[in-house]
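Take a look at the letters that make up each chain.
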Amino acid sequence: MTGFTGKKARVAVVGATGIAGQEFLDILRNHPWFEVVAIAASARSAHKTYAEALTTASGQVAWYGGGHVPAEYASMMVQDAEALELDGIDCVFTAIDSEPAKRLEPKYA
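Residues numbered from 1 in each chain as written. Predicted model: local features only at pLDDT ≥ 70, side-chain atom pairs only at ≥ 80, totals over all residues. Heavy atoms only, no water.

Colleague: An account of the pattern of salt bridges is needed here, citing residue identities and associated values.
Modeller: With the rule as written, the count across this model stands at 4 salt bridges. For Glu-72, the salt bridge is made with Arg-29, and the minimal N-O distance between the two is 2.9 Å. Remark: Arg-29 occurs in the loop between α1 (19-28) and β2 (34-41) and Glu-72 occurs in helix α3 (residues 71-74); sequence separation between them is 43 residues. Among the ionic pairs, Glu-82 bridges to Lys-107, the shortest N-O distance being 3.5 Å. (Salt bridge = Lys/Arg side-chain N within 4 Å of Asp/Glu carboxyl O. Helix = DSSP H or I, 4+ residues; strand = E, 2+ residues; numbered from the N terminus.)

Colleague: Give a description of the packing of aromatic side chains that names residues and reports values.
Modeller: One pass over the full model with this rule turns up 3 aromatic pairs. Geometrically, the ring pair formed by Phe-24 and Phe-93 is tilted, given 5.3 Å between the ring centres and 35 degrees between the ring planes. Here Phe-24 is found in helix α1, whereas its partner Phe-93 is found in strand β4 (residues 91-94), with 69 residues between them in sequence. Judged by relative accessible area, Phe-24 falls into the partly exposed class, the value being 27%. Ring geometry for Phe-34 against Phe-93: centres 5.6 Å apart, planes inclined by 85 degrees, an arrangement best described as edge-to-face. Here Phe-34, found in strand β2, pairs with Phe-93, found in strand β4; they are 59 residues apart in sequence, far enough to count as distant. Across the pair, exposure class does not vary: Phe-34 and Phe-93 are buried alike. (Phe/Tyr/Trp six-rings, centres within 6.5 Å; stacked < 30°, edge-to-face > 60°. Buried < 20%, exposed > 50% of the residue type's maximum accessible area, 1.4 Å probe, protein only.)

Colleague: With reference to specific residues and values, describe the sheet that holds strand β1 (residues 9-14).
Modeller: As summarised here, the arrangement of the 4 strands in space is β3-β2-β1-β4, forming an open sheet in which the pairing is parallel. Every other strand in the sheet has two partners, leaving β3 (78-80) and β4 as the edge strands with one partner each. With direction set aside, neighbouring strand axes in the sheet form an average angle of 35 degrees. Here 6 bridges tie β1 to β2, and the two strands are oriented parallel to one another. The residue bridging Val-14 from the neighbouring strand is Ala-40, located in β2. Of the strands in this sheet, β1, β2 and β4 touch α1, which is tilted by about 160 degrees from β1. (Pairing = 2+ DSSP bridges. Axes fitted to C-alpha atoms, helices over the stretch in contact; angles between N-to-C directions. Contact = heavy atoms within 4.5 Å.)

Following this line, the structure appears as structure tokens:
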């Protein structure tokens, strides 16, 4: 990014509870250009904290990034991807299957 002014772009990650979404979050963690300000997933995970959304019925946390769910994400509320609030979001990263992407990505654009 040439001409970077030091102000981080505010981003959302959609599909954040899946393995690919978790990879996005891991890569964006402490990134010099991006700040994750919103996470979204399916209605099943929405309205839970990210840590709650990743916790299985048996109590296991399904975080694939190694170690623990990063503290900066654990308490973030997961939004429903269908109703993602885009105010103040500069960029949306999606880690979702092609069928939902066909429907959702035009909304985000």
